[in-house]
Amino acid sequence: MWGGRFSAKPDEVMEAINASIDTDKRLAEEDITASTAHARMLADTGILTTDDAEAITEGLKIIQTEIRTGDFPFSKALEDIHMNVEARLRDLIGPAAGRLHTARSRNDQVAVDFRLWVRSACAARAAQVEELMRALLKQAEAHADTVMPGFTHLQTAQPITFGHHLMAYVEMLSRDAGRFRDAERRMNECPLGAAALAGTGFPINRHQTAAALGFERPMANSIDAVSARDFVLEALCATTLCASHLSRLAEEIVIWSSAQFRFVRLSDSWSTGSSIMPQKRNPDAAELVRAKTGRTMGSLVGLLTVMKGLPLAYSKDMQEDKAGAFEAFDALDLSLQAMTGMISTMTPNIARMREAAASGFSTATDLADFLVRELNIPFRDAHHITGAAVKAAEEAGLDLAQLPLSVLSAIEPRITDAIFDVLTVEASVASRQSYGGTAPVRVREQIAAWKDKLQ
């Protein structure tokens, strides 16, 4: 490739550090698609003859088949997917293959290939996220009335419903799907035709190639077209945020499935055993989802570090943009599949969650609210009274609902036996009817709304 300028071959280490074919061969489909669109445009504008364009497109079809069947002879000496395809095309059709690279550079070629790949990956991950949302909705609908403890600081706070808790993840994941779709829309501009960085003197039709590849428009600045990698970075941001949400859910599954909590039981399909302890049921899939978040975060930070100080336009540093992105999207793909499987098949322990929801004086806020609502006591005073009641219950070894009225009225004489109507966990969750609250009626409304959106 460099024979006209250099007389000596590159050092073996130079060849090794320079070659990217082991990574970018994943762009083979995109490279052939973009090259086909480029060849047809060259023919339509009279830059190529019809015969040459037809030979090129037929040759590219043969190469595509060879790659799909695993018969393509990849060569590290040819550096990357672009030169591998072009060299094989020359083997197949002769000198006409050399005309394919007219009016383009590897700079705009790799930019369009990678854009096509990342755009497709964003669409695929958004669809996977929505599939997980459907799995969560199904569990939430089945358990809109199932009471569990809500936590702050991992300490029992207030009773909530299991359906409400799962719906929190539906909301988080909906934003993740939205970020992928936003990134997909923003990257939907075509860099092909920018050539090395300055455009080309050939009378090409960039709007034609953009339309042929499903882009909304060509990129407006040729320098930006070959040097921009913010489309990958934005996609990696979306990937990292989604992975972090999956990690939080995975952490809760690890906690919930432990012998100490026993809130859920994972199916055998999503549990593993121990090589030495036969009693174990390990939530390894959840733990690995949690761990793979590190890969996605690392890929984002890695590419940010590569790009942070590069002068315009293209630098070879940017060859390092793909390996991390492929790894991050692959990790998220696997994590989303695993999480959807775990959520779809897990079995909540309704009795155990109800028992835990009633512990830890979880209805203390309901007592304070009663004092404000029924006795017109300022909330700060009600908070103090409730704290005294909790202390009395703790010293007596009782729950709040088990305290005798005489003890409560000794703390606040205006308290009546009506207080006991609000101190059950069922009454507590039913009362939280503000928009977005945990009351089953509100949870079912949100489930219905999301089912409509996801149809």
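Residues numbered from 1 in each chain as written. Predicted model: local features only at pLDDT ≥ 70, side-chain atom pairs only at ≥ 80, totals over all residues. Heavy atoms only, no water.

Asker: Help me understand the overall build of the chain, please; the structure alone is not making it clear to me.
Answerer: Of the regular secondary structure elements, the chain holds 18 helices and 6 strands. Rg of the C-alpha trace for the chain: 30 Å, well past the compact-globule value of 23 Å for 455 residues, more than 25% over. Along the first, second and third principal axes, the C-alpha set of the chain runs to 100 × 55 × 40 Å. Looking at the chain residue by residue over its 455 residues, the buried ones come to 49%. Sequence separation of 24 or more characterises 75% of the internal contacts of the chain that already satisfy a separation of 6 or more. (Helix = DSSP H or I, 4+ residues; strand = E, 2+ residues; numbered from the N terminus. Rg over C-alpha atoms; globule rule 2.2 N^0.38 Å. Buried < 20%, exposed > 50% of the residue type's maximum accessible area, 1.4 Å probe, protein only. Contact = heavy atoms within 4.5 Å.)

Asker: Which parts of the structure should I look at to understand the environment of Leu166?
Answerer: Relative to the assigned elements, Leu166 resides in helix α7 (residues 162-186). In this structure, the C-alpha to C-alpha distance between Leu166 and Ala140, residues 26 residues apart in sequence, is 5.9 Å. In contact with Leu166, not counting residues within four places along its chain, are Leu136, Gln139, Ala140 and Met346.

Asker: How do you make sense of helix α15 (residues 379-396) when you look at a structure like this?
Answerer: Each full turn of the α-helix corresponds to 3.6 residues, which orients residues three or four apart in the same direction. Relative to the 26 Å expected for 18 residues at 1.5 Å per residue, α15 spans 25 Å between its end C-alpha atoms, a close match to the ideal helical length. Of all the residues in α15, the buried ones are Ala382, Ile385, Thr386, Ala389, Val390, Ala392 and Ala393. The buried side chains of α15 occupy one side of the element, clustering within an arc of 160° when seen end-on. Exposed side of α15, more than 90 degrees from the buried face: Arg380, His384, Lys391, Glu394 and Glu395 are the residues found there. Against the buried residues of α15 lie α14 (364-375) and α16 (405-411). With its phi angle positive at about 70°, Gly397 sits one or two positions after the end of α15. (Expected span 1.5 Å × (residues − 1). Arc of directions from axis to C-beta.)

Asker: In this structure, what is going on with the packing of helix α6 (residues 106-142) against α7? I would like to understand it.
Answerer: When two helices pack together, their arrangement is given by the angle between their axes and by how far apart the axes lie. Between α6 and α7, the least distance of the axes is 9 Å, while the angle of their chain directions is 165°. With respect to α7, the axis of α6 lies roughly antiparallel. Judged by the sense of rotation from one axis to the other, the crossing of α6 with α7 is left-handed. (Axes fitted to C-alpha atoms, helices over the stretch in contact; angles between N-to-C directions. Parallel < 35°, antiparallel > 145°, perpendicular 65-115°, else oblique. Left-handed = near helix turned anticlockwise from the far one by under 90°.)

Asker: I keep staring at the pairing of strand β1 (residues 147-152) and nothing clicks. Help me out?
Answerer: Along any regular strand the residues' side chains alternate between the sheet's two faces. Bridge analysis of β1 against strand β2 (residues 155-161) gives 6 bridges, and the strand direction is antiparallel. Within β2, the residue paired with Thr152 across the bridge is Gln155. Linkage of β1 to β2, two consecutive antiparallel strands, is achieved through a turn of 2 residues, within which His153 is found at a positive phi near 60°. (Pairing = 2+ DSSP bridges.)

Asker: How should the environment of Gly387 be read in this particular structure?
Answerer: As for its placement among the helices and strands, Gly387 is situated in helix α15. In the structure, Gly387 is positioned 23 residues away from Ala364 in sequence and 8.0 Å away in space, judged by C-alpha atoms.

Asker: In this structure, what is going on with the layout of surface pockets? I would like to understand it.
Answerer: Summary: where empty space remains is shown by rolling a probe the size of a single water molecule over the atoms. Roughly 440 Å³ of volume is contained in the second largest pocket. As for the second largest pocket, its lining consists of 17 residues, and the residues nearest its centre are His164, His165, Ala168, Tyr169 and Met172. Within the residue set of the lining of the second largest pocket, elements represented by two or more residues are α7, α10 (230-256) and α18 (440-454). Among the elements that take part in the lining of the second largest pocket, α7 stands out by supplying 7 residues, more than any other. (1 Å grid on protein atoms, 1.4 Å probe; cavity = no way out; pocket = protein on both sides within 12 Å on 5 of 7 lines; lining within 4 Å. Points joined across faces, edges and corners; volume = space filled by probe spheres on them.)

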